[in-house]
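# Topology and contacts: notes
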Amino acid sequence: MLLILYFKVFVLFMLILMMNILPIMNSHKQLSREKTSPFECGFDPMSKPRISYSVHFFSIALMFLIFDIEITLIFPSPLIKQKIIMVNWMLSSTSLIMLLIIGLTLEWKEGSMNWK
C-alpha cells in the first residue's frame, strides 16, 4: 500500500515538473502574425465565407468520378470471363462499354467538356 502511495506521489511530482519545464523550453519561439493566424487552405479567414464556385470544376470532377468508377468495373472483366459463360460476359462487357460511350458523347455534345 505504501509502494502505491510513493508511486502516485512520484507521478504527480513528474507531471508538475514537466508542466513547469515545457514553457521554459518553448520560450525561444517568437510568436508572429503568420503563426498565430488560422490557416484555411490559402483563403483569408476574414473574407466572406461564400465565394462563388465554378460549376465547371464541379462537372469535371463529377465526370472524372463517373468514368473512374466505370474503369474500376472494367478492369476485373477479363478475370470474370473465365468463371462465367462467355455470352453473359460479352453481353455485360458490351453494355458497360456502350453505356460509357453514350455518356461520353452526350457530355461532349452538351459542351460540358469544353473549357470556357
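Residues numbered from 1 in each chain as written. Predicted model: local features only at pLDDT ≥ 70, side-chain atom pairs only at ≥ 80, totals over all residues. Heavy atoms only, no water.

## A word on the overall build of the protein chain
Condition: Each helix is a run of H or I in the DSSP string that is no shorter than four residues. Each strand is a run of E no shorter than two, and both are numbered from the N terminus. For each residue, the accessible area found with a 1.4 Å probe, counting protein chains only, is set against the maximum for its type, and the residue is called buried under 20%, exposed over 50%, and partly exposed in between.
The secondary structure content of the protein chain amounts to 5 helices and 0 strands. Written out in order from the N terminus, the α and β elements of the protein chain read α-α-α-α-α. Relative to its full complement of 116 residues, the protein chain shows a buried share of 9%.

## Thoughts on the packing of helix H3 (residues 55–74) against helix H5 (residues 86–110)
The test is simple: Helix axes are fitted to C-alpha atoms over the stretch in contact, other axes to C-alpha atoms as well, and angles between N-to-C directions run from 0 to 180 degrees. Oblique is the label for every angle not falling under 35 degrees (roughly parallel), over 145 degrees (roughly antiparallel), or within 65 to 115 degrees (roughly perpendicular). If you view the pair so one helix is near and one far, a crossing is left-handed when the near helix is turned anticlockwise from the far one by less than a right angle, and right-handed when it is turned clockwise. Contacts: residue pairs with any heavy atoms within 4.5 Å of one another. Each residue is assigned to one of three groups, with Ala, Val, Leu, Ile, Met, Phe, Trp, Tyr, Cys and Pro labelled nonpolar, Asp, Glu, Lys and Arg labelled charged, and all others, Gly among them, labelled polar.
Relative orientation of the contacting elements H3 and H5 amounts to 165°, with a least axis distance of 11 Å. The angle between H3 and H5 falls in the class roughly antiparallel. Here H3 and H5 pass one another in a crossing that is left-handed. Across the interface between the two elements, Met63, Phe67, Glu70, Leu73 and Ile74 of H3 pack against Leu96, Ile97, Leu100, Leu104 and Glu107 of H5. Class assignment for the residues of the contact of H3 with H5 results in 8 nonpolar, no polar and 2 charged.

## Re a nonpolar patch on the surface
So the rule is basically this: Grouping into patches uses exposed residues only, defined as over 30% relative accessible area, and leaves out salt-bridged ones; the cut-off is 9 Å for like charges and 5 Å for nonpolar side chains (Val, Leu, Ile, Met, Phe, Trp, Tyr). Note on areas: Shrake-Rupley with a 1.4 Å probe; residue coverage comes only from the protein chains shown. Definition used for salt bridges: Asp or Glu carboxyl oxygen within 4 Å of a side-chain nitrogen of Lys or Arg.
A contiguous nonpolar patch, built from Ile97, Met98, Ile101, Ile102 and Leu106 and spanning about 460 Å² of accessible area, is present on the exposed surface. Using a relative accessible area of 44% as the deciding quantity, one classes Ile102 as partly exposed.

## Here's the deal with the UniProt feature "transmembrane region" (unreviewed entry) in the protein chain
Defined as follows: UniProt positions are given in the numbering used here, feature names are shortened, and annotations may be inferred rather than shown by experiment.
Here, the residues flagged by UniProt with the feature "transmembrane region" (unreviewed entry) are residues 6–25, 55–75 and 87–106. The distance from the first to the last C-alpha atom of residues 6–25 is 28 Å, and the span holds 100% helix and 0% strand. Here residues 87–106 runs as 100% helix and 0% strand, with 28 Å between its end C-alpha atoms.

## With respect to the confidence of the model for the protein chain
Put simply, the rule reads: Note: pLDDT gives the predictor's confidence per residue, expressed from 0 to 100.
For the protein chain, per-residue confidence averages 77 on the pLDDT scale, and residues scoring 70 or more make up 71% of the total. Here helix H2 (residues 33–36) stands out as the least confident element of the protein chain, with mean pLDDT 66; helix H1 (residues 2–25) is the most confident, with 90.

## Focus: H5
Threshold: One fewer than the residue count of a helix, multiplied by 1.5 Å, yields its expected span.
End to end, H5 covers 36 Å across 25 residues, agreeing with the expected 36 Å (1.5 Å per residue, within 8%). Along H5, the residues that are buried comprise Trp89, Ser93, Leu96, Leu100 and Glu107. Gly111 occupies a position one or two residues after H5 and carries a positive phi of about 90°.

## Section: the side chain of Glu107
Looking at where Glu107 falls in the secondary structure, it is placed in helix H5. Excluding residues that lie within four positions of it along the chain, Glu107 makes contacts with Met63, Phe67, Ser112 and Met113.

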